[in-house]
Amino acid sequence: MLNKLYLLSNLRKDEILNNAKPFDIPKALVWEAFHLVKANKGSAGVDQESINDFEQNLSGNLYKLWNRLSSGTYFPPAVKGVEIPKKQGGTRMLGVPTVSDRIAQMTIRLAFEPRVEQHFLDDSYGYRPNKSALDAVGVTRQRCWQYDWLVEYDIRGLFDNLDHGLLMKAVKKHTDNKWIILYIERWLKTPMQLPDGSLQDKTKGVMQGGVISPVLSNLFLHYVFDAWMKRKHPTTPWCRYADDGLAHCRTKLGAERLFSELQQRFKECGLEMHPDKTKIVYCKDGKRKGHHQHTKFKFLGYEFRRRMIKGVNNNMFLSFTPAICKEAKKNICRTIRETGVRNRSDLSLEQVASWLNPKISGWINYYGKFNKSALKPVMRQINFTLIKWSTRKYKAFRYSKAKACRFMINTFEKRPYLFAHWKQGIQGSFV
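Residues numbered from 1 in each chain as written. Predicted model: local features only at pLDDT ≥ 70, side-chain atom pairs only at ≥ 80, totals over all residues. Heavy atoms only, no water.

Next up on the list: the overall build of the protein chain. The helix and strand inventory of the protein chain stands at 16 helices and 11 strands. Principal-axis analysis of the C-alpha atoms gives the protein chain an extent of 80 × 65 × 45 Å. Per-residue burial over the protein chain gives 49% buried out of 431 residues. Excluding contacts between residues fewer than 6 apart, the proportion of contacts in the protein chain whose partners are at least 24 apart in sequence is 68%. As displayed, the protein chain has an accessible area near 22700 Å², and 50% of this comes from carbon and sulfur atoms. (Helix = DSSP H or I, 4+ residues; strand = E, 2+ residues; numbered from the N terminus. Buried < 20%, exposed > 50% of the residue type's maximum accessible area, 1.4 Å probe, protein only. Contact = heavy atoms within 4.5 Å. Areas by Shrake-Rupley, 256 points an atom, 1.4 Å probe, with all protein chains shown as cover.)

Written out as structure tokens, the structure reads:
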């Protein structure tokens, strides 16, 4: 009886403390945020605490975080700056928040995102629920068949240059929730700890790598570009994925006018179009006979250009259509090399297949959506890697690449479902 009274007393105290908090943040929201962060994985931040470390005292750590968020005393620690290579060369600085901070950001994101998501337009595809990059590629392919010209733009350093004042104006337009506003403002000012240990203050931009950053950048560009296009150019179809965007025009003159207006619009909002990645493109195919400096463009890992394709009744014709771009092919080949699978003679062929198939399936599912046959040269490189593996695995093939090649061909004929690209029928050649 005494234990029961003691428990009821503690529950009552907890209820009183909860009611005394200045912000009413549900504990269930923090709990949901933790599971989403855990599912996304990610490395440790400046405190070197991993997700596994955080789970060692899960209930205590989550309660402490909830308590600080609810009382308004949560101040985000610095994010860890990590240099990552760009696809086009060079590096960019990625910010890695601590595990606790990722959970805190996810908590606010869960509360804030539904308030703005309903206002976003259908042709905004980046970092949104139930929308994907392949959706954007698909709708762009259709429009390239309908419109002769397009403006391709890329925003230089979007995450580094968002104006905090304009961004917070947009945030406050969609919520008057004080704790959402408070913590977003604090995250915008969170410094980055550079690799040399120094701190870099932020006066503009959002942290690339932050959980809340994609929603904030989408909100900013919703007003800078999406809503502006709907208001100023209601009949011009467009598509945007994060900071990459396209707008389709019927004439070259219309594209040139839009290009000029976009430059001015972005400048007014503190942004700049990338001079090398922004251009007017002529969607030249078999019927469009004109000439222009740019007749192809890259978008989300695909290159759009004139290609010979097979139509109904196996008729071949020239169409302006997407296929995997050269850079994506190189990235796949580099990833395969970096796995070091060719040197893993300790593994069986079945184990190699289990290791590589998730990667191969992912590449096929994405880059094979449009013009799957363009993947064959990449899959051929994977076959070469398997042949190289077999020369390390079996002494009989060590000095005879031809025998190793024949072995792999025989394996393919007997077990065509062993590797994902064999199963999909885009295995490429073995020689």
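A two-sided burial pattern is seen for strand β6 (residues 238-241), the buried positions comprising Trp238 and Arg240 on one face and Cys239 and Tyr241 on the other. Inspection of the sheet shows β6 paired to strand β7 (residues 244-249) by 4 bridges, in the antiparallel sense. Across the sheet, tryptophan 238 pairs through a bridge with alanine 247, a residue of β7. (Pairing = 2+ DSSP bridges.)

A word on empty space enclosed by the protein. Left-over empty space is what a probe sized like a water molecule reveals as it rolls over the atoms. Per the stated rule, a full pass over the model turns up 1 cavity of 30 Å³ or more. As for the largest cavity, its lining consists of Val79, Gln105, Trp187, Leu188, Thr190, Val206, Met207, Gly210, Ile212, Ser213 and Leu216. Residue composition of the lining of the largest cavity, by class: 7 nonpolar, 4 polar and no charged. (1 Å grid on protein atoms, 1.4 Å probe; cavity = no way out; pocket = protein on both sides within 12 Å on 5 of 7 lines; lining within 4 Å. Points joined across faces, edges and corners; volume = space filled by probe spheres on them. Nonpolar A, V, L, I, M, F, W, Y, C, P; charged D, E, K, R; others polar.)

This brings us to the environment of serine 59. Here serine 59 shows up in helix α4 (residues 58-71). Assessed through its relative accessible area of 59%, serine 59 is described here as exposed. Along the primary structure serine 59 and tryptophan 31 are separated by 28 residues, whereas in three dimensions their C-alpha atoms are 9.4 Å apart.

What the 4 strands build is an open sheet, ordered β2-β1-β4-β5; its pairing is mixed. Edge positions in the sheet fall to β2 (91-96) and β5 (199-200), since each of these pairs with one other strand and no more. Note: strand β1 (residues 79-85) against strand β4 (residues 192-193), 2 bridges, orientation parallel. When the bridges of β4 are listed, lysine 80 appears paired with glutamine 193.

Considering the arrangement of structural elements, one finds arginine 240 in strand β6. A relative accessible area of 1% means that arginine 240 is categorised as buried. A distance of 3.1 Å separates the side chain of arginine 240 from the side chain of asparagine 218, its partner in a polar contact. (Polar contact = N/O pair within 3.5 Å; in protein donor to acceptor, adjacent residues only side chain to side chain.)

Turning our attention to the packing of helix α5 (residues 99-117) against helix α10 (residues 213-232). Running from N to C, α5 and α10 cross one another at 25°; their axes reach a closest spacing of 10 Å. The orientation of α5 relative to α10 falls into the category roughly parallel. Taken as a pair, α5 and α10 cross one another with a handedness that is left-handed. Together, Arg109, Phe112, Glu113 and Val116 of α5 and Pro214, Val215, Leu216 and Leu219 of α10 make up the contact between the two elements. When the residues that make up the contact of α5 with α10 are grouped by side-chain class, the tally is 6 nonpolar, no polar and 2 charged. (Axes fitted to C-alpha atoms, helices over the stretch in contact; angles between N-to-C directions. Parallel < 35°, antiparallel > 145°, perpendicular 65-115°, else oblique. Left-handed = near helix turned anticlockwise from the far one by under 90°.)

Just geometry here; none of it tells us what the structure is for.
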